[in-house]
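Chain residues, written in single-letter form:
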There are 2 protein chains.
Amino acid sequence: MSLPMRMSELSERSGVAVPTLKYYLREGLLPAGESLGATRADYSDEHLRRVRLVRALIDAGVSVAEAKRVTEALDDPPRSRHDLLGRAQYALPAPHADTPVSEEVMALLAGLGWAVTPDSPALHSLSGAIAAARSAGVPLPPEALRGYAEATEGVAAVDVANVPTDDLASALHRVVAGTVLVDPVLAALRRLAQEHMSSQR
Amino acid sequence: MSLPMRMSELSERSGVAVPTLKYYLREGLLPAGESLGATRADYSDEHLRRVRLVRALIDAGVSVAEAKRVTEALDDPPRSRHDLLGRAQYALPAPHADTPVSEEVMALLAGLGWAVTPDSPALHSLSGAIAAARSAGVPLPPEALRGYAEATEGVAAVDVANVPTDDLASALHRVVAGTVLVDPVLAALRRLAQEHMSSQR
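Looking up chain A in an unreviewed UniProt entry gives the name MerR family transcriptional regulator, with the organism given as Pedococcus aerophilus.

### Here we look at the overall build of chain A
Along its length, chain A carries nine helices and two strands. What you see in chain A, going N to C, is helices and strands ordered as α-α-β-β-α-α-α-α-α-α-α. Along the first, second and third principal axes, the C-alpha set of chain A runs to 65 × 40 × 30 Å. For chain A, with 201 residues in total, the buried portion stands at 48%. A sequence separation of at least 24 residues applies to 64% of the contacts in chain A between residues at least 6 apart. Carbon together with sulfur atoms contributes 54% to the accessible area of chain A, which is approximately 9,300 Å² in total. Across chain A, the mean location of the 20 positive side-chain charges is 5 Å away from that of the 25 negative side-chain charges.

### A short note on the relation of the copies chain B and chain A
Take chain B, turn it by 180 degrees, move it 0.0 Å along the axis, and it overlays chain A with an RMSD of 0.0 Å. Here the copies are linked by what is in effect a two-fold axis. Of every C-alpha in chain B, the one belonging to Ala 151 of chain B sits nearest the axis of rotation, 2.8 Å from it. When the interface residues of chain B are mapped onto chain A, 100% of them again lie at the interface, so the same face is used by both copies.

### Regarding the interface of chain B and chain A
With 74 residues of chain B at the interface, the matching set in chain A holds 74 residues. Across the chain B/chain A interface, buried area totals approximately 6,400 Å², and carbon plus sulfur atoms make up 69% of it. Sorting the residues of chain B by area buried against chain A places Tyr 148, Arg 190 and Glu 195 of chain B first, and these three jointly supply 11% of that buried surface. Taken together, chain B and chain A are joined by six salt bridges.

### Quick word on the packing of aromatic side chains
Residues and elements named next belong to chain A. This structure, assessed with the given rule, holds two aromatic pairs over all chains. Consider the rings of Tyr 23 and Tyr 24, whose centres lie 6.4 Å apart with planes at 50 degrees: the pair is tilted. For Tyr 23, a relative accessible area of 30% gives the class partly exposed. Look at Tyr 24 and you get buried, because its relative accessible area is 3%.

### Here's the deal with the confidence of the model for chain A
Averaged over every residue, the pLDDT of chain A is 89; residues scoring 70 or more account for 98%. Of all secondary-structure elements in chain A, the lowest mean pLDDT belongs to helix α5 (residues 84–89) of chain A, at 76, while helix α6 (residues 103–112) of chain A reaches the highest, 97.

### Let's talk about unusual backbone geometry
Trans is the prevailing form of peptide bonds, just as negative phi is the prevailing case for residues other than glycine. In the Ramachandran plot, His 96 of chain A falls in the positive-phi region, its phi being about 60 degrees despite a non-glycine side chain. Within the secondary structure, His 96 of chain A sits in the loop between α5 and α6.

### Re the packing of helix α7 (residues 121–135) of chain A against helix α9 (residues 168–200) of chain B
With their axes 8 Å apart at the nearest point, α7 of chain A and α9 of chain B run at an angle of 160 degrees to one another. Considering their axes alone, α7 of chain A and α9 of chain B lie roughly antiparallel with respect to each other. The handedness of the crossing between α7 of chain A and α9 of chain B is left-handed. Listed contacts from α9 of chain B to Ala 122, Leu 123, Ser 125, Leu 126, Ala 129, Ile 130, Ala 132 and Ala 133 of chain A of α7 of chain A are Leu 181, Pro 184, Val 185, Ala 188, Leu 189, Arg 191 and Leu 192 of chain B. Partitioning the contact of α7 of chain A with α9 of chain B into residue classes produces 13 nonpolar, one polar and one charged.

### What about the nonpolar core?
By size, the foremost hydrophobic cluster in this structure holds 65 residues, and its most contacted members are Val 185 of chain A together with Leu 126, Leu 140 and Tyr 148 of chain B. With 15 residues, the top contributor of residues to this core is helix α9 (residues 168–200) of chain A. Membership of the second largest hydrophobic core comes to 64 residues, among which are Ala 144 of chain A together with Leu 74, Ala 188 and Leu 192 of chain B.

### A closer look at the pattern of salt bridges
Applying the stated criterion across every chain yields a total of 21 salt bridges over all chains. Within this structure, Asp 159 and Asp 183 of chain A together with Arg 190 and Arg 191 of chain B form a network of salt bridges that share partners.

### Considerations on the side chain of Thr 179 of chain A
Among the secondary structure elements, Thr 179 of chain A is positioned in helix α9. Under the relative-accessibility criterion, Thr 179 of chain A is labelled buried at 2%. Setting aside anything within four residues of it in sequence, one finds Thr 179 of chain A in contact with Leu 92 of chain A together with Arg 190, Arg 191 and Gln 194 of chain B.

### Topic: helix α4 (residues 64–74) of chain A
All names here are of chain A. Residues Ala 67, Val 70, Thr 71 and Leu 74 constitute the buried set of α4. Buried residues of α4 fall within an arc of 95 degrees about the axis and therefore sit on the same side. Buried residues along α4 sit against α3 (45–59) and α9.

### Things to note about the packing of α3 of chain A against α4 of chain A
All names here are of chain A. The contact between α3 and α4 brings their axes to 10 Å, and the two run at 145 degrees. Considering only the axes of α3 and α4, their crossing is right-handed. The segment α3 lies against α4, with Arg 50, Leu 53, Val 54, Leu 57 and Ile 58 engaging Val 64, Ala 67, Val 70, Thr 71 and Leu 74. Of the residues in the contact of α3 with α4, the class split is eight nonpolar, one polar and one charged.

Scoring rules and cut-offs
Residues numbered from 1 in each chain as written. Chains lettered and ligands numbered in written order. Predicted model: local features only at pLDDT ≥ 70, side-chain atom pairs only at ≥ 80, totals over all residues. Heavy atoms only, no water. Helix = DSSP H or I, 4+ residues; strand = E, 2+ residues; numbered from the N terminus. Buried < 20%, exposed > 50% of the residue type's maximum accessible area, 1.4 Å probe, protein only. Contact = heavy atoms within 4.5 Å. Areas by Shrake-Rupley, 256 points an atom, 1.4 Å probe, with all protein chains shown as cover. Lys, Arg positive; Asp, Glu negative; His and termini not counted. Charge placed at Lys NZ, Arg CZ, Asp CG, Glu CD. Least-squares fit on C-alpha atoms with pLDDT ≥ 70 in both. Buried area = accessible area lost by both parts, 1.4 Å probe. Salt bridge = Lys/Arg side-chain N within 4 Å of Asp/Glu carboxyl O. Phe/Tyr/Trp six-rings, centres within 6.5 Å; stacked < 30°, edge-to-face > 60°. pLDDT = per-residue confidence, 0-100. Axes fitted to C-alpha atoms, helices over the stretch in contact; angles between N-to-C directions. Parallel < 35°, antiparallel > 145°, perpendicular 65-115°, else oblique. Left-handed = near helix turned anticlockwise from the far one by under 90°. Nonpolar A, V, L, I, M, F, W, Y, C, P; charged D, E, K, R; others polar. Core = buried A, V, L, I, M, F, W, Y, C linked by side-chain atoms within 4.5 Å. Arc of directions from axis to C-beta.

Next up, the structure:
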């Protein structure tokens, strides 16, 4: 444990400007500090961690409303370690939430033998993302989808191996941050792997 | 080849409202149609394809300025099929363009035996995305990065196998659309694979 800090130090250590920190407080993205009077409060390392996460989410393109849903879920961690990765999904922004789950997606998962709960938000995201890609002229034939799915098993194996063994609140924080913030790492790796593999052909 | 269409039909077939089409024209995201007089023009299937791509890019979170860079690159296709995937990258939005390429990233690629050009924009994106994830408390140890990279080889293998054999302009369109619009498909698959694999542990 380190000593509590004032807002100016929280700003310095996080690299987030004081007016932005005040905005996070007003929007409920950052819990209030321990009050030291009408205009002063102390913040902990927990606050610093939260500020860094919120900043990284917003920089990664997550909206303020979505970031708020994420932080609310972090404030209500699960009571058991079971399926921490699955639980984290319900906290994460899930695009295409209104797209019905397609039969094609259910058939793909059945073919892969993947066991997922039928109300998983990612089923809607996957159905919507496939439809959006196709509407823009990307054909995505079934064998390509299956190939992508098999490759993501390797990604998820790394995710599962890196679920932290910390207390549940910290573990949920890490899993949520890791899911959102590793997506851009994977996107950049994909572009480099494309270049490597197409130069090899 | 199908018959040319008026803007109202372009709107109907693309699902993009007429005022939005006019906005795309003003912003240079959509080339002008063949003029039929002061206030009328004909649009082709090529325009329809472009409208669908621009709409999908913007829906996927690409900014208007970035979409404009993409469409400009599409209007200037490469003269040979060689490394179409690599070429597409210079057209695509590349986050963290100002982040210097880290030694860690160069060592990772050397360890993997990946051959990429030293000015590849994805080298900056990868360096920046790793730094952003770590600043938010995601540790990303070297063995995790390597595991992610090896898994993305499988993704890129599917990408390479699906490079279209159309004319170069169409192929570049498909590769650019496929790179940007398959990222959300992979993100959704990753979440489902996480749930499946963590329920198996």
